[in-house]
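Residue-level structural notes
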Amino acid sequence: MSAVLEARNLTTGYGGAMVLEDLSIALNEGEVLCLIGHNGAGKSTLMKTLFGLHPAGSGEVVLRGETVTGATPKALALQGIAMVPEGRGIFPNLTVDEIFEMGMWAVGVPEAERAARRDWVLGVLPVIAEFRHRRAGTLSGGQAQMVSIGRALLSRPRILLLDEPSIGLAPKLFQDLLAPIRALQQEEGLSILLVEQNVREALKISDRVEVMKSGKMIWEGRPGELSDNRKLMELY
Amino acid sequence: MLWLQLTLTGLQTGALYALTAVGFSLIFGATRVFHFAHGAAFVLAAYVFYWADTAGLGMIPGIVLAALAAMAFGVAMDRLVYAPIQRHEGSFFTVFVASFGIGIVVENVVGMVFGRSFVTIDSTLSQSRELMEGVYVAPLAWIAIACAAVFFAALQLFLRRTHTGMALRALADSPELIRVFGLDPRRLSSIAFALGSALVVPGAVMTALGSGLNPALGHHVMLISLAATIVGGIGSIGGALVAGFVLGLAENLALIAFPSQWSEAVTFAILFLVIILRPAGLFGRATAH
Ligand SMILES: Nc1ncnc2c1ncn2[C@@H]1O[C@H](COP(=O)(O)OP(=O)(O)OP(=O)(O)O)[C@@H](O)[C@H]1O
Ligand SMILES: [Mg+2]
């Protein structure tokens, strides 16, 4: 198994406060890696640093063996990464169609391909068709989350960074959301880094788990091993 | 026929107020920057046009130069003043003071170069003709109203139909999410400033041709832009347009009852009435925060 996206000895923070300390993590080709950890452990900060939204203090971000530390999100998007951010990943003043259109334009999807891309995403997440003409501000939390994921898929990424897609979703809804993502992942060999609080549900679709605490990796293994590890399961 | 006369001049004044206010509202709506130096962009554009006229360059080159000056000023303010303040997470008050200070500097520099007294450009466009008995209208009035309609429609099309327009509508909600999409919020912010500042040009040019200029004009322009933005509903450029017309009409119709030095009081009266009766403004959406 080869790593597609890595953080190597990454250290970063906000102002004086360190959040990640000498952290290394690797996402392997074609796997779903679930990253869990307490609130404030630094999961989102890691995601943002991997996607060029937050500067690395020291250490590097490596994409398919090449250093991309400091690259812009657009440059990374063009190299096949997409991110679904924590919280509402939609613009309330735009319609769903406009969000999709703008999302494709932003990462340079040629005009001639856009309709096909949108139809492809509507194939993966068919419910979106029901509210594509609505202003995104009027969508429910789950609908907004689908749109946010759909938007990320529009660039046909090879690597997907999902930051707490379950936030605000009932477990059943979360499964509805994850099932097509997992299917797509298996079909196309996507690599997914999934940050989740909703550990039990997330483990069901994950190939590997890393546990993070106060900016450091403290445990790594297979989902089954984590479920068997009583001490860790009690914590998360 | 006095009221008809005042309504027509009110529409003319209102058209110019409206576009200038739409410019301010566009900038505020997209960037959440309280661009108090918007009045200074107006003064700059007006005096560049005036200078081009005295230099004999002709009307069209004068308008182009005025537009370039206003846009360059807006973008420079964004890049050199507001961006550093935002980078250091400066407060609303810091932005206000910096912006206000730059406005004063522009006023004084313009005063030093062109003098502080009233100047105006003679033009047949500002010569009134009798429309009907006792009602006089200059061609400038029709041009002003047409400009407001055309430029506003063009702006709406741009915001609705182009990708950059969509991004500008999205920017204020979350510059961070704009970056997640792969766009550059700083670049979009500069576009908002360039466009918003360009919208002062019709007002600036027609004020130079019509009622005349002095370097302190920026304060009145700013008061009107701000009042129109609040009366129209913050974030609604359509609201700013309508409110610009309302303020222009009110200022002129008030002449039936009050002497002309009361015109700013009328603006404030409308502002306070709206704040008390309809705090979200005429077209404001009630927002959660
Ligand atoms: N923009 C910011 N400015 C300052 N500090 C921040 C900022 N964002 C995050 N932090 C701090 O950095 C630390 C890590 O935050 P981060 O969002 O990465 O945690 P997380 O693991 O994603 O938590 P959660 O599970 O709550 O999403 C926290 O202590 C947080 O307070
Ligand atoms: Mg987080």
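Presented here is an overview of the structure given in this document.

**Points about the side chain of Ser190(B)**
- Within the element layout of this structure, Ser190(B) appears in helix 8 (residues 185–198).
- Side chain to side chain, Ser190(B) and Asp78(B) meet in a polar contact 3.1 Å long.

**Some remarks on the coordination of the magnesium ion (ligand 2)**
All names here are of chain A.
- Those protein atoms acting as donors to the magnesium ion (ligand 2) are Ser44 (OG), Glu86 (OE) and Glu86 (OE), and they sit at 1.9 to 2.7 Å. Of this pair, serine 44 sits in helix 1 (residues 43–50) while glutamate 86 sits in the loop between strand 6 (81–84) and helix 3 (96–106), and the two are 42 residues apart along the sequence.
- Classification of serine 44 by relative accessible area gives buried; the value is 14%.

**Points about a nonpolar patch on the surface**
Residues and elements named next belong to chain B.
- Taken together, the side chains of Trp51, Leu57, Met59, Ile60, Ile63, Val64, Leu65 and Leu68 define a hydrophobic patch exposed on the protein surface, amounting to about 700 Å² of accessible area.
- For the nonpolar patch, the element with the highest residue contribution is helix 3 (residues 59–87), accounting for six residues.
- As for its position among the elements, isoleucine 60 is in helix 3.

**Some points on the layout of surface pockets**
- Its volume calculated, the second largest pocket comes out at about 790 Å³.
- Around the second largest pocket, the lining is made up of 28 residues, and of these Leu171(B), Pro175(B), Arg179(B), Pro185(B) and Arg186(B) lie nearest the centre.
- Where the lining of the second largest pocket is concerned, the elements lending two or more residues are helix 2 (73–78) and helix 3 of chain A together with helix 1 (2–31), helix 3, helix 4 (92–114), helix 7 (175–180) and helix 8 of chain B.
- For the lining of the second largest pocket, the leading source of residues is helix 8 of chain B, giving five residues.

**Brief notes about the site of ligand 1**
All names here are of chain A.
- In the vicinity of ligand 1, 13 residues are found, and the nearest of them are Lys43, Ser44, Thr45, Glu86 and Gln197.
- In this structure, serine 44 approaches ligand 1 through a side-chain N or O atom, which is 2.7 Å from an oxygen atom.
- Here an oxygen atom of ligand 1 and a side-chain polar atom of glutamate 86 are 2.5 Å apart.
- Burial of ligand 1 by the surrounding chains reaches 59%, relative to a free accessible area of 630 Å².
- By residue class, the composition of the shell around ligand 1 is three nonpolar, seven polar and three charged.

**Things to note about empty space enclosed by the protein**
- Counted by the stated rule, this structure contains three cavities of 30 Å³ or more.
- The space that makes up the largest cavity amounts to roughly 130 Å³.
- Considering the residues around the largest cavity, the lining is formed by 16 residues, among which Ala40(B), Gly103(B), Ile104(B), Gly218(B) and His219(B) are closest to the centre.
- Breaking the lining of the largest cavity down by element, the ones donating at least two residues are helix 2 (38–54), helix 4 and helix 10 (217–232) of chain B.
- Considering every element that reaches the lining of the largest cavity, the biggest residue donor is helix 4 of chain B, with six residues.
- Residue composition of the lining of the largest cavity, grouped by class: 10 nonpolar, five polar and one charged.
- For the second largest cavity, the calculated volume is near 80 Å³.
- If you trace the second largest cavity, you find 14 residues lining it, with Ala82(A), Val107(A), Arg151(A), Ala152(A) and Ser155(A) closest to the centre.

**Quick look at the packing of helix 10 of chain B against helix 11 (residues 237–253) of chain B**
Residues and elements named next belong to chain B.
- For the pair helix 10 and helix 11, interaxial distance at closest approach is 8 Å and the crossing angle is 120°. On the basis of the axis angle, helix 10 is oblique to helix 11. Here the hand of the crossing between helix 10 and helix 11 comes out right-handed. Residue-level contacts link His220, Ile224, Ala227, Ala228, Val231 and Gly232 of helix 10 to Gly239, Ala240, Ala243, Gly244, Leu247 and Glu251 of helix 11.
- Residues belonging to the contact of helix 10 with helix 11 are distributed by class as follows: seven nonpolar, four polar and one charged.

**Description of helix 11 of chain B**
Residues and elements named next belong to chain B.
- In a regular helix each residue adds 1.5 Å, so 17 residues correspond to 24 Å; helix 11 covers 24 Å between its end C-alpha atoms and thus fits that length.
- Judged by how many residues are buried, helix 11 sits mostly within the fold: 12 of 17 residues are covered.
- Within the span of helix 11, buried status applies to Ile237, Gly239, Ala240, Leu241, Ala243, Gly244, Phe245, Leu247, Gly248, Ala250, Glu251 and Asn252.
- Lining the buried residues of helix 11 we find helix 1, helix 5 (139–161), helix 10 and helix 12 (263–277).

**Comments concerning the pairing of strand 2 (residues 17–28) of chain A**
All names here are of chain A.
- The pairing of strand 1 (residues 3–14) with strand 2 spans eight bridges and is antiparallel. Residue pairing for strand 2: glutamate 6 is matched across the bridge by alanine 26.
- The turn joining strand 1 and strand 2, which pair antiparallel and follow one another in sequence, is formed by two residues; a positive phi near 60° is taken by glycine 15.

**Brief notes about the packing of aromatic side chains**
Residues and elements named next belong to chain B.
- Tallied over the entire structure, the rule returns 15 aromatic pairs over all chains.
- Aromatic side chains tyrosine 47 and tyrosine 50 sit 6.2 Å apart centroid to centroid with 75° between the ring planes, which places their arrangement in the edge-to-face category. Of this pair, tyrosine 47 and tyrosine 50 both sit in helix 2, three residues apart, roughly one helical turn. The residues tyrosine 47 and tyrosine 50 share a single accessibility class, namely buried.

**What about the pattern of salt bridges?**
Residue and element names in this part refer to chain A.
- This structure, assessed with the given rule, holds 17 salt bridges over all chains.
- Put simply, arginine 8 and glutamate 60 hold a salt bridge, and the shortest N to O gap is 3.7 Å. Taken together, the residues span a long stretch of sequence, with arginine 8 in strand 1 and glutamate 60 in strand 4 (residues 58–63) at a distance of 52 residues.
- Taken together, the salt bridges that share partners define one network made up of Glu31, Arg208, Glu210 and Glu220.

Analysis parameters
- Residues numbered from 1 in each chain as written.
- Chains lettered and ligands numbered in written order.
- Predicted model: local features only at pLDDT ≥ 70, side-chain atom pairs only at ≥ 80, totals over all residues.
- Heavy atoms only, no water.
- Helix = DSSP H or I, 4+ residues; strand = E, 2+ residues; numbered from the N terminus.
- Polar contact = N/O pair within 3.5 Å; in protein donor to acceptor, adjacent residues only side chain to side chain.
- Donors = N, O, S within 2.8 Å, 3.2 Å for Na, K, Ca; no water.
- Buried < 20%, exposed > 50% of the residue type's maximum accessible area, 1.4 Å probe, protein only.
- Patch = residues over 30% accessible without salt bridge, like charges linked within 9 Å, V, L, I, M, F, W, Y side chains within 5 Å.
- Areas by Shrake-Rupley, 256 points an atom, 1.4 Å probe, with all protein chains shown as cover.
- Salt bridge = Lys/Arg side-chain N within 4 Å of Asp/Glu carboxyl O.
- 1 Å grid on protein atoms, 1.4 Å probe; cavity = no way out; pocket = protein on both sides within 12 Å on 5 of 7 lines; lining within 4 Å.
- Points joined across faces, edges and corners; volume = space filled by probe spheres on them.
- Near = heavy atom within 4 Å.
- Nonpolar A, V, L, I, M, F, W, Y, C, P; charged D, E, K, R; others polar.
- Axes fitted to C-alpha atoms, helices over the stretch in contact; angles between N-to-C directions.
- Parallel < 35°, antiparallel > 145°, perpendicular 65-115°, else oblique.
- Left-handed = near helix turned anticlockwise from the far one by under 90°.
- Contact = heavy atoms within 4.5 Å.
- Expected span 1.5 Å × (residues − 1).
- Pairing = 2+ DSSP bridges.
- Phe/Tyr/Trp six-rings, centres within 6.5 Å; stacked < 30°, edge-to-face > 60°.

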